[in-house]
Amino acid sequence: MTQNPYSSLPDSAFWRTGAALADPMDIRGLWHPKADIAKTTRIVTAGSCFAQHIGRAFRERGYAWFDAEAAPGTPEVQRAFHYGTFSFRTGNIYTTQMLLQWVRWATGLSPVPDLFWQEGERFFDPFRPAVEPGGFASLSEARASRQATLAAIRQAIRRGQLFVFTLGLTECWRDAETGLEYAVCPGTVAGSFDPDRHRFHNMTYPEVMTALKKAITILRRINRNMRFLLTVSPVPLTATAGGQHVITATTQSKSVLRAVAGEMAAQHDYVDYFPSYEIITSPVYGGRFYA
């Protein structure tokens with residue numbers, strides 16, 4: 001038999017033997033970690049909503065998930081006010097540009113904007129509008145809360161050993177006057193929509209990659225020992241403002257994010273990729289892991 005590069009490959013290298021004929025629950029070898037994660041490793045988690053599941057999984061298994069912004073009150077109050085969801089109280093960080101924005105504010109590389117939304121007598125932080133149910137009671141309270149979160153990010157940067165970031169979206173809303181990116185479209189969770197000021201943007205591969213590289217460079221400049229574990233959220237888009245069908249828009253967005261995550265892991269020995277996206281979305285698993 002003629003030998004070729006495929007002749008000696010394991011069953012996992014072929015779709016038929018590695019996927020189609022395999023019991024989905026017996027499939028192994030989807031991930032070969034670049035470095036072990038010890039239970040004493042201080043793990044920082046941030047990103048889209050899927051990142052909270054990763055943080056919870058670490059905690060439930062006795063790993064040293066790092067909570068940089070300690071939660072007051074009962075567990076019910078903590079959950080309602082978004083404490084303990086991520087390592088700091090930013091709420092969801094859907095895009096790499098939003099990650100970069102928070103990192104630059106926390107490290108003093110960019111001025112922290114004094115921008116808040118007011119509805120009646122309540123105040124909302126446009127960069128994390130859902131963290132305070134019903135909004136803050138005063139502008140000073142809203143400012144102090146944001147500063148507390150920025151301090152928590154700084155602590156996480158200095159003390160964290162593994163930064164797990166889940167890439168969630170490419171679609172975002174930005175301020176045409178300042179260039180700042182909002183957490184969500186103004187007028188959905190809070191605030192009011194201004195078509196002259198609030199602009200939709202769908203990030204391209206180069207934009208996603210550039211923002212992620214810049215964020216990681218800043219983090220590594222402060223903490224040279226920080227490693228990164230990237231994941232891509234399998235949660236589909238709730239809605240799209242890009243003019244496509246939501247199914248097509250979801251595939252485009254996730255494809256860009258998956259490509260960026262894979263390329264970053266290929267380029268840097270301190271960046272790894274964990275295939276949570278594939279585990280959830282692959283047709284091999286038949287959608288059994290979706291809620």
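Residues numbered from 1 in each chain as written. Predicted model: local features only at pLDDT ≥ 70, side-chain atom pairs only at ≥ 80, totals over all residues. Heavy atoms only, no water.

Asker: Account for the packing of aromatic side chains, with residues named and values stated.
Answerer: Taken as a whole and assessed by the stated rule, the structure comprises ten aromatic pairs. On the basis of an interplanar angle of 75° and a centroid distance of 5.3 Å, the ring pair of Trp102 and Trp105 is categorised as edge-to-face. Of this pair, Trp102 and Trp105 both sit in helix H4 (residues 96-106), three residues apart, roughly one helical turn. Trp105 matches Trp102 in its accessibility class, with the two residues each being buried. The interplanar angle of 45° and the centroid separation of 5.6 Å between the aromatic rings of Tyr285 and Phe289 together place this pair among those described as tilted. Assessed through its relative accessible area of 7%, Tyr285 is described here as buried. Taken together, the ring pairs connect Trp102, Trp105, Trp117, Phe127 and Tyr182 into an aromatic cluster. The residue whose ring lies beneath Arg220 is Tyr270, and the NZ or CZ to ring-centre distance is 3.8 Å. Directly above the ring of Tyr273 sits Arg258, whose terminal nitrogen or CZ lies 3.9 Å from the centroid. (Phe/Tyr/Trp six-rings, centres within 6.5 Å; stacked < 30°, edge-to-face > 60°. Helix = DSSP H or I, 4+ residues; strand = E, 2+ residues; numbered from the N terminus. Buried < 20%, exposed > 50% of the residue type's maximum accessible area, 1.4 Å probe, protein only. Lys NZ or Arg CZ within 6 Å of the ring centre and 35° of its normal.)

Asker: Which residues make up the nonpolar core, and what values do they have?
Answerer: Phe88 and Phe163 are the most contacted members of the largest nonpolar core, which totals 52 residues. Put simply, the parts of the chain that give this core at least two residues each are strand E1 (43-47), H4, helix H5 (139-159), strand E4 (162-167), helix H6 (205-222), strand E7 (227-232), helix H7 (246-267) and strand E8 (271-273). At eight residues, the largest contribution of residues to this core is made by H6. Dropping the residues within four chain positions of it, Phe163 is found in contact with Val44, Ala46, Phe88, Leu99, Leu219, Met226, Arg227, Phe228 and Leu229. (Core = buried A, V, L, I, M, F, W, Y, C linked by side-chain atoms within 4.5 Å. Contact = heavy atoms within 4.5 Å.)

Asker: Which residues make up H5, and what values do they have?
Answerer: For H5, built from 21 residues, the straight-helix expectation of 30 Å at 1.5 Å per residue is met to within 8% by its first-to-last C-alpha distance of 30 Å. For H5, the set of buried residues is Ala142, Ser145, Arg146, Thr149, Leu150, Ala152, Ile153, Ala156 and Ile157. When H5 is viewed along its axis, its buried side chains cluster within an angular range of 155° and face the same direction. Of the exposed residues in H5, those oriented more than 90 degrees away from the buried face are Ser140 and Arg158. In the core, the buried residues of H5 are packed alongside E1, H4, strand E3 (122-124) and H6. (Expected span 1.5 Å × (residues − 1). Arc of directions from axis to C-beta.)

Asker: Help me get a handle on the side chain of Ser253, residues and values and all.
Answerer: Along the polypeptide, Ser253 turns up in helix H7. Accessibility expressed as a relative area gives 1% for Ser253, which makes it buried. Separated by 3.0 Å, the side chains of Ser253 and Thr170 make a polar contact. The residues contacting Ser253, other than those within four sequence positions of it, are Gly168, Leu169, Thr170 and Leu237. (Polar contact = N/O pair within 3.5 Å; in protein donor to acceptor, adjacent residues only side chain to side chain.)

Nothing here speaks to function; it is geometry throughout.
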